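Observations on chain architecture
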Amino acid sequence: MQKAGKSVKRIKSLAKVDYITYLGVIIAFIVMTVLQSRGMLSRSVSGMLVPICCYICMAVSLNLTVGILGELSLGHAGFMSVGVFSGVITAMSLQSAIPNELVRMIIAIVAGAFFAAIVGLIVGIPVLRLRGDYLAIVTLAFGEIIKDLINCLLVGWDENGLHIALNFDGTKTMESLGLSENGIEIIKGAQGATGNSRIATFTMGFVLVMITLVVVLNLIRSRTGRAVMAIRDNRIAAESVGLNITKYKLIAFVTSAALAGAAGALFGMNYSNVTAAQFDFNASILVLVYVVLGGLGNIWGSIVATVVLYVLPEALREYSDYRMLLYAIILILVMLVTNNPTLRSALDILGKHLGRGKQNDAEGGAVS
Amino acid sequence: MEFLSYLITGISLGSIYAIIALGYTMVYGIAKMLNFAHGDVIMVGGYVAFYATSFASSSLLGEDPTTAATALATVGSVLLAMVVCTVLGIVIEGLAYRPLRQAGSLAVLITAIGVSYFLQNAVQLLFGAAPKNFTPVVSGQLQLLGGRLRISYVALLTVAVCIVIMVGLTTFIGKSKMGKAMRACSEDRGAAQLMGINVNSTISMTFAIGSALAAVAGVLLCSYSPVLQPTTGSMPGIKAFTAAVFGGIGSIPGAFLGGLLLGIIESMAQAYISTQLSNAILFAVLIVVLLVKPSGLLGKYMPEKV
């Protein structure tokens, strides 16, 4: 009985953490909006708002794969890239049909999520059969393949609809699409998408973050989420109690890909130029760093880590040349301090002295 | 004839990948970690060799150096690069990875990424971001069949060096006491420690060997494509890592085979299919191989015990 009481208490405290996460995001949004409307934010800070929202979605969705599903993915930026370009294509080609920017943006985000989910499914079915580092390298490979394919993509739009060509041998140019006079060139191969209309807004970013949180947190606390975590903790035991391993793994993986695609679509509409090369291996690693530093399986940790690590290089801008060096050193030191047993215990003692025990171990320490 | 020359390019490129992959695979086999900073150690090796050679040609050698003196300077700078990289490898392992010996593999992975950022930015600060023009260690080419088949000496040297390293390393791992310790550590670290093997120094030794090989690979890589910049090491690093997985990570002949195959696939894809998509084709082949043989070509299949 005592044990049951404890677990009920634990579930209640988990729900509390979720509500605090929602509340924190809402408060942050209100504060930033008020500051922005009063003109108290510098240009560089307001420019960072939408990308931060996108990266929060990226980090939270990657946390679903790495923290909850327990599979290391090194190709998350590939799904973002799919979302970026399908979103941009949708938004640009609907420019005349749907003049309302908000509606167009929502359709583009849905399209981004949809195509990323399809790619996630195509990637997921073979990849999830592998384990450990082999799975990691295959996700890396898929990320690079997606990047190279988009680098060859030529897309234009005119009254007759979309014109798509793949520039495999380097001989095709935008002319070979055969656009009519008032056609729009949307994606120009390795140059990427240029001349996008920048329709992304901070409010939309906030809404997307909230949707991502609702999807991920509800998934984790649902029957499906518990099944996914059971597979992570012990695959064989989970299989032996009758869980369909492939199904649950795919659910988590495809959801994660779709959310990354939605984030990508918003990201693409925030810049007038995006290239496929921006979403390479290093971009995937960047998001992985957010997730690991925030704590695996810890959603609010991912959010905080994303904001801090996104702002950090900007905040270090006054040390211009040294800032990436400092970033690297901080990254190494944080990993050492939080993961070395000796340093960790010293930190815990310090924490107790300050009167704050480690309350969040149940959350943060979900994965070893 | 064209095919043959593409094949030779592929083999020499593959030999470079194989040398880099050896570093990845040894570290993975013994320390069970993905050392993402390995690609940047290659780049550091390239820079050291570059500055050593230009220093030698500007101040040590006279106006008209003899061939022997130039050769000596080249060998000297390669050796210097090896020493610097070896020390670098040991220092990185001691400062960044050793404190995390008991931590999860992801924490070590992120630390390795941090080290990789650090090396790239440190080199950029020290030597500038502008690409350097690396002088190949040997120049000229061998003409066969009446000039129809040309093989550059760099390609020949690369293949020769790769074979020497391969034979040397296999003998070292198989015969020497340190090699035995390494194999023991990769089998079971705890048991090895109980048998009186110093696990820490064995791992340091692994990093030292891997980094020395990275320096050699750096010099060869820069001789093959003579542009040197702080990000030179990343893409070859990723490909070599792919090669290591392709051949079965942890296996030394596997790294050799994987590297060679990857180089040949890349060269053939560039020649016959598409330059833009050569990397995509390479990764696609990797995926297919892993799906058919999930532990790589020569990797050991470890069935799970319940």
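Scoring rules and cut-offs
- Residues numbered from 1 in each chain as written.
- Chains lettered and ligands numbered in written order.
- Predicted model: local features only at pLDDT ≥ 70, side-chain atom pairs only at ≥ 80, totals over all residues.
- Helix = DSSP H or I, 4+ residues; strand = E, 2+ residues; numbered from the N terminus.
- Rg over C-alpha atoms; globule rule 2.2 N^0.38 Å.
- Buried ≥ 20, exposed ≤ 12 C-beta atoms within 10 Å, placed from the backbone.
- Contact = placed C-beta atoms within 7 Å.
- Expected span 1.5 Å × (residues − 1).
- Pairing = 2+ DSSP bridges.
- Axes fitted to C-alpha atoms, helices over the stretch in contact; angles between N-to-C directions.
- Parallel < 35°, antiparallel > 145°, perpendicular 65-115°, else oblique.
- Left-handed = near helix turned anticlockwise from the far one by under 90°.
- Nonpolar A, V, L, I, M, F, W, Y, C, P; charged D, E, K, R; others polar.

1. Let's talk about the overall build of chain A
- Along its length, chain A carries 14 helices and three strands.
- For 368 residues, the compact-globule estimate of 2.2 N^0.38 gives 21 Å, and the C-alpha radius of gyration of chain A, at 22 Å, lies within 12% of that figure.
- Counting over 368 residues, chain A shows a buried share of 44%.
- Sequence-distant contacts, at least 24 apart, represent 76% of the contacts inside chain A between residues at least 6 apart.

2. So, helix H5 (residues 132–151) of chain A
- With 20 residues, H5 of chain A extends 29 Å from end C-alpha to end C-alpha; this agrees with the ideal 28 Å at 1.5 Å per step.
- When you tally the buried positions in H5 of chain A, you get 17 out of 20 residues, the bulk of the element.

3. Some words on the sheet that holds strand E2 (residues 161–166) of chain A
All names here are of chain A.
- Ordered by their spatial adjacency, three strands build an open sheet running E2-E1-E3, and the pairing between neighbours is antiparallel. The open sheet terminates on both sides in strands that have one partner only, identified here as E2 and strand E3 (184–188). Each strand of the sheet is rotated relative to its neighbour by a mean of 15°, with strand direction disregarded.
- In the packing of helix H3 (residues 76–93) onto the sheet, contacts are made with strand E1 (153–158), E2 and E3, and the angle to E3 comes to roughly 175°.

4. Quick notes on the packing of helix H10 (residues 252–273) of chain B against helix H11 (residues 278–292) of chain B
Residue and element names in this part refer to chain B.
- Closest axis-to-axis distance for the H10/H11 pair is 9 Å, and the angle between their directions is 135°. As summarised for this structure, H10 and H11 are arranged oblique, according to the angle between their axes. The way H10 lies across H11 gives a crossing that is right-handed. Of the residues in H11, those in contact with Leu262, Ile265, Glu266, Ala269, Gln270 and Ile273 of H10 are Ser278, Ile281, Leu282 and Val285.
- Classifying every residue of the contact of H10 with H11 by side-chain character gives seven nonpolar, two polar and one charged.

5. Concerning unusual backbone geometry
Residue and element names in this part refer to chain B.
- Phi angles above zero are rare outside glycine, and lysine 32 is one such case at about 55°.
- Tracing the backbone through its elements, the reader meets lysine 32 in the loop between helix H1 (2–31) and helix H2 (38–60).
- Taking the number of C-beta atoms within 10 Å as the measure of exposure, lysine 32 has 15 and is therefore partly exposed.

6. Details of the interface of chain B and chain A
- On the side of chain A, 37 residues touch chain B, which itself brings 38 residues to the contact.
- Going through the elements one at a time, helix H4 (105–127), helix H9 (234–247) and H11 of chain B are the ones with two or more residues in the side of chain B that touches chain A.
- Counting residues per element, the side of chain B that touches chain A draws most heavily on H4 of chain B, which supplies 12 residues.
- Tallied by class, the residues present in the side of chain B that touches chain A amount to 27 nonpolar, 10 polar and one charged.

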